[in-house]
Amino acid sequence: INAEYGEVAKSIVSDIMRNLESDGNGTEDKTVEKTYVNSLITEVTVNPTAGNDDTDFELDLFLRPTIDIGDTNTSLNTSTSGTRVQIQYLCAMYNEAEGRWEESCTTIYDTMNPSKGVICVCNHNTSFAVLMSAYEIDRGYAVVQSYLTWVLLGISTLGLALTLCFLLPAAELRKTRSAKINVCFTVSLILASLLFLVQDLFIKSDNSGAIKLRSVGCAVYTMLQHYLWLVVFMWMIIEGFLMYLSLVQVFGSHISKYMLKFNLAAWLIPIPFPLIGYFVFTKSYTVGEGATAVSLIDHKYMAETMCFIKPETIAFYTLFLTPLCLCIIINLVFFGLVGKVIKNSKSTGNISDNEQMLRQLKAVVSTQSTGEVRRRKGWHDLKSGLNSSKIWFNRLLEPTRNALFLIWQ
């Protein structure tokens, strides 16, 4: 906090914290009713030009706050009850009819260097000011969630590494179609998990790491993580599609150069998503001209304290969560079709011996084509096919669980 306003700022922050505790005492929704005007109050009037009304315009208003709240680390406070509270700037307009400040503009400022000032993006005429208020950023169990994510995701990564150790030495097994797909899927999942786990070595929430927050390097790291998780989702769909070919559409399921086609689909289709996320949802605003110009970037793709997709944003929901949900739904459809075939192959009912033999033959041939079980004599292969479906179901849930850990985090 600036030394010039240090004592005043500390007093205001303490008052905000006391207000937060008193307002939230005994309630689940802890909000702060009291805010502080932290800039000059500016009244702006935009006169419409000929042929245009005064409702279709964008006002980029630059305001310099009186008190510097500091970076995200400095402005983070913890109340006596353990609640973590972030002090933030907020562009607001004054509602004269109701006699209160209302948030009606987009607030843009550099969270790591807020002393540069604030740009308020508005589309109406009124009195504007920058307010200083506090917002609860998480509950008390957030730290437990973080440690739980690290432990479980670390165990999952170790299990994937052991999977490769068992698959790669088996020369005969590596030749099967399903084993090749599993190796590619496992490698992509390991890369995505490791990139998420090791980021704390290079990225710090106080911006002291080798990769600076909101920098070009952080943007590349974010897009790379986003891309690798989408690749994982693609391999999940390919796994389900392969099982569908093997157990439902047995005859005529041959695909020429299938590994080339599968790899092209898995590694190329996700490329546009992180590029769209960064270049569409990251906007630059400039106020003024020449030496007095001030430029700030509105980051709606990258998170503020880590190099990952910003949660609870349009970019997160459309470019990460939606592909994950589609992947799960598609695989559940595949699993339902596979389960139906296995159930029918077991059913005896009143069907003829020839029809029962054809069903069992289809289950045996399809199970052998997956490469998950060895050939056995007679119709005992049907039992192995059921075990194979259990293995596939576990593989379907494993990457889904990892992705849900990331959302939880």
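Owing to the predicted nature of the structure, the values given are computational and were not obtained by experimental measurement.

A look at the overall build of the protein
Check the secondary structure of the protein and you find 10 helices and 11 strands. When the 409 residues of the protein are sorted by exposure, 45% land in the buried category. In the protein, the proportion of contacts linking residues at least 24 apart, taken out of those at least 6 apart, comes to 69%.

So, the environment of alanine 179
Checked against the element boundaries, alanine 179 lands in helix H4 (residues 177–197). Between the C-alpha atom of alanine 179 and that of leucine 168, which follows or precedes it by 11 residues, the distance is 9.1 Å. The residues touching alanine 179, leaving out its near neighbours within four places in the chain, are Leu173 and Arg174.

Thoughts on helix H6 (residues 258–268)
Regarding H6, the residues found buried are Tyr258, Met259, Phe262 and Ala266. For H6, the buried positions fall inside an angular range of 90 degrees around the axis, keeping them on one side.

Thoughts on the environment of serine 295
With respect to the helices, strands and loops of the structure, serine 295 is situated in strand S11 (residues 294–299). Assessed through its relative accessible area of 39%, serine 295 is described here as partly exposed. Apart from residues lying up to four places away in sequence, serine 295 is in contact with Lys116, Tyr285 and Thr286.

Here we look at the sheet that holds strand S7 (residues 106–108)
Strand order in this open sheet of three strands is S3-S8-S7, and the pairing throughout is antiparallel. Either end of the sheet is taken by a strand with one partner, and the two such strands are strand S3 (59–63) and S7. Strand after strand, the sheet turns through a mean of 25 degrees between neighbouring axes, direction not considered. Bridge analysis of S3 against strand S8 (residues 118–122) gives five bridges, and the strand direction is antiparallel. When the bridges of S8 are listed, phenylalanine 62 appears paired with isoleucine 119.

Quick look at helix H7 (residues 272–281)
Listing the buried residues of H7 in full gives Pro274, Gly277, Tyr278 and Phe281. Taken around the axis of H7, the buried residues stretch over an arc of 105 degrees, which confines them to a single face.

Looking at the nonpolar core
Within the largest apolar cluster, 53 residues are counted, with the highest numbers of intra-cluster contacts made by Trp229, Val232, Phe233, Trp235 and Tyr301. Secondary-structure elements contributing two or more residues to this core are helix H2 (142–167), H4, helix H5 (216–247), H6, H7 and helix H8 (314–346). Looking at this core element by element, the count peaks at 17 residues for H5.

Topic: the packing of aromatic side chains
Taken as a whole and assessed by the stated rule, the structure comprises 14 aromatic pairs. Look at tyrosine 227 and tryptophan 267: their rings are 6.4 Å apart centre to centre, the planes differ by 45 degrees, and that puts the pair in the tilted class. Taken together, the positions of tyrosine 227 in helix H5 and tryptophan 267 in helix H6 put the pair 40 residues apart, joining distant regions of the chain. Accessibility expressed as a relative area gives 25% for tryptophan 267, which makes it partly exposed. Site record: aromatic cluster; members linked through ring pairs are Phe196, Phe233, Phe308, Phe316, Tyr317 and Phe320.

Regarding the pattern of salt bridges
In total, this model carries four salt bridges according to the counting rule given. When the shortest N-O distance is used, the salt bridge between arginine 100 and glutamate 98 registers 2.7 Å. A relative accessible area of 41% places arginine 100 in the partly exposed class. Where glutamate 304 meets arginine 214, a salt bridge forms, and the shortest distance between an N and an O atom there is 4.0 Å. Here arginine 214 lies in the loop between H4 and H5 and glutamate 304 lies in the loop between S11 and H8, a separation of 90 residues in the sequence. Looking at glutamate 304, the relative accessible area reads 28%, which means it is partly exposed. Judged by relative accessible area, arginine 214 falls into the buried class, the value being 17%. Put simply, Glu98, Arg100 and Glu102 are held in one network by salt bridges that share partners.

Criteria and thresholds
- Residues numbered from 1 in each chain as written.
- Predicted model: local features only at pLDDT ≥ 70, side-chain atom pairs only at ≥ 80, totals over all residues.
- Heavy atoms only, no water.
- Helix = DSSP H or I, 4+ residues; strand = E, 2+ residues; numbered from the N terminus.
- Buried < 20%, exposed > 50% of the residue type's maximum accessible area, 1.4 Å probe, protein only.
- Contact = heavy atoms within 4.5 Å.
- Arc of directions from axis to C-beta.
- Pairing = 2+ DSSP bridges.
- Axes fitted to C-alpha atoms, helices over the stretch in contact; angles between N-to-C directions.
- Core = buried A, V, L, I, M, F, W, Y, C linked by side-chain atoms within 4.5 Å.
- Phe/Tyr/Trp six-rings, centres within 6.5 Å; stacked < 30°, edge-to-face > 60°.
- Salt bridge = Lys/Arg side-chain N within 4 Å of Asp/Glu carboxyl O.

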